[in-house]
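Residue strings, one per chain:
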Amino acid sequence: MDRLSKAGDGRPETVTPIETATPGSSQAEQFSKWWPILGLRSSILVTGLVLAMVLSLPGDTVTTKYVNDLFIFLDGAHRIWSGQVPNVDFHSSLGPLAFYIPAAGYGISGTLGGAMPAGMALVVLLLAIIASEVIGSRMRMLIGLPLAVFLLLIAAVPVNPGEWVGELSFAMFYNRIGWAGLGLLLVMYLPRRPDQPRRQIIDAVCAAVLSLLMLYTKITYGLMALAFLSFLLLDRRQLLWSAMALGLVILAVMFIELLWKGSLSHLEDLRLASSVSGELPTMRVMADVILKNLADIMVFAIFAGILLLLEGRLRNILFVGFCVASGLLIIEQNFQIAGILTFGAGASVIAELLLRSQALPRQRPWPLGLPLLLGALILPPTASNAISLAMHSMNAVTDRGERIALPAFHGIRLVSMWSQGQYDFFRRYNETIADGAAALQTLDTPVARVVVLDFVNPFSAGLSLDPPTGDSPWYHWGRTLDRNHFPDPNEIFADAQIILEPKSPIEIYTARGMREVYGDYIRRHYLQIMQTDYWTIYRRR
């Protein structure tokens, strides 16, 4: 029964409910709203920090495979610290960050053995910071945290995607950066959650940094990033920040060129590589890629089918098409058999979209199975990568394996896992390196500017020699050069004092091909001065 007002106006007195007057209730509501977001963001940051520490703190590099590929980036780091600039002082179809990242790791760790772990730890931390903002503002914990761990482990683990847990190597680390960066960019297809403030500038900066990281590491990923940002211009909800991101990328490219002055040379190196191996894949090749990744394709197709059935607007169709097309084109271009990693990120985005969708039948329990189905796509590679990273750290800490036979490579060890034949192959390569180093140390003049007619030159970095200019950190017959397309010998031998021709090369087709196309030039300008069991050595006349 209402009480009458004592003021005598005859109106009933309004009684405020006790619960709305409880002190601190509004703070509790705010906390309950922000806690899942803060929990997700902090979890991603902690995950990134832990992975970076597990990777870098042992301070050594353990490898079981692709030892020659590892030497590419250590040679690049040595060149950077010797004062050289990528695509200005030496040629490369990879972007400059492929060498500045290990160079940064070299500066932090102080050793070439710690260069790759420390450099990749920096990348993991950067990706974790971006992921905490991108995923934390767009996804719920149940989907966002597994995706973040999946993407960060891709970048952290020293294993080529799609290979076995024990095949440890930092070879082709740029592909893992590209996959992880592109996966985070795909998450930005999602609008921010309704309870999140719109931060257009932060979104633009995150997208621009991811795009630049991919563009200056390996251009194929960078082009995919720019294509995706251009696609987002079609969405009025994402128009402003995606346009700002593209503008930031353009301004950054112009500024970087003012400092770098290597863009035109880089494009020429890319043109040469594309002349050798840049043809479009055939239908037979694409069919082989599809068959080897059929399980992941089928799981992603379930997500895509549900999305297009319930929310079949053009924008979603284009997003699904981009996930498929970019993933297939990238994996075909990579030295990689399995693991189309855009599917994991794309399926996570679709799962979040479906759980937000008003068209989803709420009265039925099957939508709750979407995160479980997503687990079938991202949990196996996540578990495999976590095991591989732990194996690398344990082997690094226990000082297991055979050391690489060059003084500056003392922190790098070749370890036998399950493939004895593979281990024996790289042990023999280590023996040839030791033989070449011993031969160089017997020469009667100081050694500098050595060029090797093989896949890679381990001696400049491993013996701390002055690197040559005008050459490349690596050559690969059928990929970067062939009989009709190869660098000018007047450039790659411009200041080379010593040339080593291997008798047991690490890559036989590259060694044979280089001997064929450069043999006449070497005979005219160099004099054979020594032969060993594994090398023929020439000195400039």
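Anything mentioned here points back to the structure above.
The structure reproduced in this document is the subject of the present report. Quantities reported herein were computed from a predicted structural model and do not represent experimental measurements.

1. Some thoughts on the overall build of the chain
Then, number 1: Helix and strand counts for the chain come out as 19 helices and seven strands.
Then, number 2: Burial analysis of the chain (541 residues in total) assigns 55% to the buried set.
Then, number 3: Excluding contacts between residues fewer than 6 apart, the proportion of contacts in the chain whose partners are at least 24 apart in sequence is 76%.
Then, number 4: Split by element, the accessible area of the chain, about 23800 Å² in all, is 64% carbon and sulfur.

2. Points about the sheet that holds strand 1 (residues 61-63)
Then, number 1: Spatially, the three strands line up as an open sheet ordered 1-3-2, and their pairing is mixed. Single-partner strands in this sheet number two, and they are strand 1 and strand 2 (402-403).

3. Let's talk about unusual backbone geometry
Then, number 1: Of note in the backbone geometry, Y66 takes a positive phi value of approximately 55 degrees without being a glycine.
Then, number 2: Position of Y66 relative to the elements: it lies in the loop between strand 1 and helix 2 (67-81).

4. Concerning the pattern of salt bridges
Then, number 1: All chains considered together, the criterion is met by 26 salt bridges.
Then, number 2: We note a salt bridge from E352 to R193, for which the minimum N-O separation is 3.2 Å. Within this pair, whereas E352 is found in helix 14 (residues 342-356), its partner R193 is found in the loop between helix 6 (173-187) and helix 7 (200-215), the two being separated by 159 residues in sequence. In this structure, E352 and R193 share a single accessibility class: buried.
Then, number 3: D444 serves as the salt-bridge partner of R539, at 3.3 Å between the closest nitrogen and oxygen. Placement of the pair is R539 in strand 7 (residues 535-540) and D444 in the loop between helix 16 (420-441) and strand 4 (450-452), with a sequence separation of 95 residues.
Then, number 4: R539 gets classed as partly exposed once you look at its relative accessible area, which sits at 23%.
Then, number 5: Since its relative accessible area comes to 68%, D444 is described here as exposed.
Then, number 6: Salt bridges here are not isolated pairs; linked through shared partners, they connect R41, E133, R138, R192 and D203.

5. A look at the sheet that holds strand 5 (residues 498-502)
Then, number 1: Strand order in the open sheet formed by four strands is 4-5-7-6, with mixed pairing between adjacent strands. Two strands close off the open sheet at either side, each with one partner strand: strand 4 and strand 6 (526-531). Recorded for the sheet is a direction-independent mean angle of 25 degrees between the axes of neighbouring strands.
Then, number 2: Summarising the sheet, strand 6 and strand 7 pair through five bridges and their orientation is antiparallel. Residue pairing for strand 7: M530 is matched across the bridge by I537.

6. Overview of the packing of helix 2 against helix 16
Then, number 1: Packing of helix 2 against helix 16 brings their axes to within 10 Å, and their N-to-C directions diverge by 45 degrees. Classified by the angle between their axes, helix 2 and helix 16 sit oblique to one another. The segment helix 2 lies against helix 16, with V67, N68 and F71 engaging F426, Y429 and I433.

7. Observations regarding the nonpolar core
Then, number 1: Of all hydrophobic cores here, the largest spans 144 residues; its most connected members are I135 and F459.
Then, number 2: Among residues more than four places away in sequence, those in contact with I135 are L40, I44, G144, L147, A148, L184 and V187.
Then, number 3: Counting residues in each nonpolar core, the second largest holds 16 residues, with L481, I492, I522 and Y538 among its members.

8. Points about helix 5 (residues 141-156)
Then, number 1: In a regular helix each residue adds 1.5 Å, so 16 residues correspond to 22 Å; helix 5 covers 22 Å between its end C-alpha atoms and thus fits that length.
Then, number 2: Of all the residues in helix 5, the buried ones are I143, G144, L147, A148, F150, L151, L152, L153, I154, A155 and A156.

9. Overview of the environment of A208
Then, number 1: Within the secondary structure, A208 sits in helix 7.
Then, number 2: Given a relative accessible area of 5%, A208 falls into the buried group.
Then, number 3: Counting along the chain gives 21 residues from A208 to L229, while the straight-line C-alpha distance between them is 9.2 Å.
Then, number 4: Apart from residues no more than four positions distant in its own chain, A208 is found in contact with A245, L248 and V249.

10. Details of the packing of aromatic side chains
Then, number 1: A complete count under the given rule lists 23 aromatic pairs for this structure.
Then, number 2: Ring geometry for W179 versus Y221: centroids 6.0 Å apart, planes at 75 degrees, classification edge-to-face. One end of the pair, W179, is in helix 6; the other, Y221, is in helix 8 (residues 219-232), and 42 residues separate them in sequence.
Then, number 3: Ring geometry for F493 versus Y518: centroids 5.4 Å apart, planes at 90 degrees, classification edge-to-face. With a gap of 25 residues between them, F493 in the loop between helix 18 (489-492) and strand 5 and Y518 in helix 19 (residues 508-525) connect regions that are remote in the sequence.
Then, number 4: Overall, Y518 belongs to the buried group, its relative accessible area being 0%.
Then, number 5: By way of ring pairs, the aromatic residues F73, F90, F99, F173 and Y174 are connected into one cluster.

11. Remarks on helix 14
In an α-helix there are 3.6 residues to a turn, and that puts residues three or four apart on one side.
Then, number 1: For helix 14, which comprises 15 residues, the first-to-last C-alpha distance of 21 Å matches the rise-based estimate of 21 Å (1.5 Å per residue) to within 8%.
Then, number 2: For helix 14, the tally of buried residues reaches 14 of 15 residues, placing the bulk of the element in the interior.

12. Overview of a nonpolar patch on the surface
Then, number 1: On the surface, a nonpolar cluster with roughly 710 Å² of combined accessible area is contributed by L126, I201, V205, V209, L248, I250, L251 and M254.
Then, number 2: For the nonpolar patch, the secondary structure elements donating two or more residues are helix 7 and helix 9 (239-260).
Then, number 3: Ranked by residues supplied to the nonpolar patch, first place goes to helix 9 with four residues.
Then, number 4: Looking at the element boundaries, M254 is found in helix 9.
Then, number 5: Note on M254: relative accessible area 52%, which makes it exposed.

13. Considering the side chain of H78
Then, number 1: One can find H78 in helix 2.
Then, number 2: Leave out the neighbours within four places in its chain, and H78 touches S460, A461, S464, L465 and P467.

Cut-offs applied
The residue numbers shown here count from 1 along each chain, following its written sequence. Under the rules for a predicted model, residues below a pLDDT of 70 receive no local features and side-chain atom pairs below 80 are neither given nor counted, while totals for whole chains, interfaces and linings still include all residues. Hydrogens are left out, water is left out, and the side-chain values use all remaining heavy atoms of the structure. Counting from the N terminus, the helices are the DSSP runs of H or I reaching at least four residues and the strands are the DSSP runs of E reaching at least two. Burial here depends on accessible area, computed with a 1.4 Å probe over protein chains only, as a share of the maximum for the residue type. Under 20% is buried, over 50% is exposed, and the range in between is partly exposed. Contacts are assigned to residue pairs with any non-hydrogen atoms lying within 4.5 Å of each other. The Shrake-Rupley method, run with a 1.4 Å probe, gives the accessible areas here. Residue values count only the displayed protein chains as cover. Two strands are said to pair when DSSP picks up at least two bridges between them. One speaks of a salt bridge when a side-chain nitrogen belonging to Lys or Arg is within 4 Å of a carboxyl oxygen belonging to Asp or Glu. Throughout, an axis means a line fitted to C-alpha atoms (over the contacting stretch in the case of helices), and angles, computed between N-to-C directions, take values from 0 to 180 degrees. Roughly parallel here means an angle under 35 degrees, roughly antiparallel means over 145, roughly perpendicular means 65 to 115, and every remaining angle is called oblique. Take the buried Ala, Val, Leu, Ile, Met, Phe, Trp, Tyr and Cys residues and link them wherever side-chain atoms come within 4.5 Å; each set so joined is a nonpolar core. Helix span, as expected, comes to 1.5 Å for every residue beyond the first. Note on ring pairs: Phe, Tyr and Trp rings are taken, using the six-membered ring of Trp, and paired if centres are within 6.5 Å. Classes follow the plane angle, with under 30 degrees stacked, over 60 edge-to-face and the rest tilted. The patch calculation keeps residues exceeding 30% relative accessible area without a salt bridge and links them within 9 Å when they carry like charges or within 5 Å when they are nonpolar (Val, Leu, Ile, Met, Phe, Trp, Tyr).

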